[in-house]
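Residue-level listing of the chains:
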Amino acid sequence: METDNALDYDYLAGDRQERAILRHMVLSLLVGMVLGAVGALLAYGPHLIHSIYEPYAYVLLVVVVGRSAAGFGWAALTSALATFGPLISLLAASLFESGARFLNLSSGSSVNLGSNGLTMNLTVVTIATFGVLAYFTRREDGWGDLACGVLAGVVAVDGLDKTLSGGPEYVPGYWPWNTLLVATLVAGLLFALRRGNGVARSGFVALVVLCAAFVFAVAF
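Rules of the game
- Residues numbered from 1 in each chain as written.
- Predicted model: local features only at pLDDT ≥ 70, side-chain atom pairs only at ≥ 80, totals over all residues.
- Heavy atoms only, no water.
- Patch = residues over 30% accessible without salt bridge, like charges linked within 9 Å, V, L, I, M, F, W, Y side chains within 5 Å.
- Areas by Shrake-Rupley, 256 points an atom, 1.4 Å probe, with all protein chains shown as cover.
- Salt bridge = Lys/Arg side-chain N within 4 Å of Asp/Glu carboxyl O.
- Helix = DSSP H or I, 4+ residues; strand = E, 2+ residues; numbered from the N terminus.
- Axes fitted to C-alpha atoms, helices over the stretch in contact; angles between N-to-C directions.
- Parallel < 35°, antiparallel > 145°, perpendicular 65-115°, else oblique.
- Contact = heavy atoms within 4.5 Å.
- Nonpolar A, V, L, I, M, F, W, Y, C, P; charged D, E, K, R; others polar.
- Core = buried A, V, L, I, M, F, W, Y, C linked by side-chain atoms within 4.5 Å.
- Buried < 20%, exposed > 50% of the residue type's maximum accessible area, 1.4 Å probe, protein only.

(A) Inspection of a nonpolar patch on the surface at higher detail. Taken together, the side chains of L22, V26 and L30 define a hydrophobic patch exposed on the protein surface, amounting to about 260 Å² of accessible area. Within the secondary structure layout, L22 lies in helix 1 (residues 2-42).

Shown next as structure tokens:
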């Protein structure tokens, strides 16, 4: 009798876990679509506001999704769904624009998914990878510090690209207030995902990533 009760308990626990994973996946996609719809609307407003919202709103979503995933495989899958959510909304918005082409890869468009297919694919892969890195930040060892540092460093690099004049993502007027917001986001990631000395170690890794990107940008 006790064995039957144990089997029933294991079955119910497994069923609840499967339902929780399914809800996590569906919510990741739906919230991503909502954020993408908001981003499509903001594309018609001030460029500075849009440059803050995109991609950082999507990055925060993917970080939350990856951090809360049930396992490594689920982190990769749900992060991909959270990344494709905004893409679906932006694609739908692009189809309603006058003279827009499929995927809206033409220039001069308000809702832009990328200058070309390769850029768009690289952006999707990069943001989805943030979720996997966020999952590894659950570790309490040096690997967790490394994952958090790389994640924060790449976010900081994007802010650097928008600040440096002549850069591929340069946004006029981005310095200093919007850059300070990005710095606050980076600091928030470090303190939210790490504890104690791990914050300092992750911060050092982020600084190394940022310096390496700056040297590369200056040299090339």
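(B) A look at the packing of helix 2 (residues 47-67) against helix 5 (residues 142-163). Where helix 2 contacts helix 5, the two axes come as close as 11 Å, and the packing angle between them is 175 degrees. Judged by the angle between their axes, helix 2 and helix 5 are roughly antiparallel. Only L151, V155, D158, G159 and K162 of helix 5 make contact with helix 2, whose side of the interface consists of S51, E54, P55, Y56, V59 and V63. Taken together, the residues that form the contact of helix 2 with helix 5 break down as 6 nonpolar, 2 polar and 3 charged.

(C) Summary view of the nonpolar core. If you look at the biggest cluster of nonpolar residues, it comprises 33 residues, and the most contacted ones within it are V63, V155 and V186. Of all the secondary structure elements, the ones that give two or more residues to this core are helix 1, helix 2, helix 3 (72-95), helix 4 (117-136), helix 5, helix 6 (177-193) and helix 7 (197-219). It is helix 2 that provides the largest number of residues to this core, a total of 9 residues. Once you skip the residues sitting within four places of it in the chain, V186 turns out to touch A152, V155 and A156.

(D) Representation of the pattern of salt bridges within the structure. Tallied over the entire structure, the rule returns 4 salt bridges. D145 is paired through a salt bridge with R194; the nearest N and O atoms lie 2.8 Å apart. Here D145 is found in helix 5, whereas its partner R194 is found in the loop between helix 6 and helix 7, with 49 residues between them in sequence. Grouping residues by exposure puts D145 and R194 together as buried. Its salt-bridge partner being D145, residue R201 comes within 2.6 Å of it at the nearest N-O pair. Of this pair, R201 sits in helix 7 while D145 is found in helix 5, placing the two residues 56 residues apart along the sequence. The class for R201 is partly exposed, based on a relative accessible area of 44%. A network of salt bridges, in which partner residues are shared, links D145, R194 and R201.

(E) Quick peek at unusual backbone geometry. The peptide bond linking E54 to P55 adopts the cis configuration, its omega dihedral lying at 20 degrees. Tracing the chain through its elements places P55 in helix 2.

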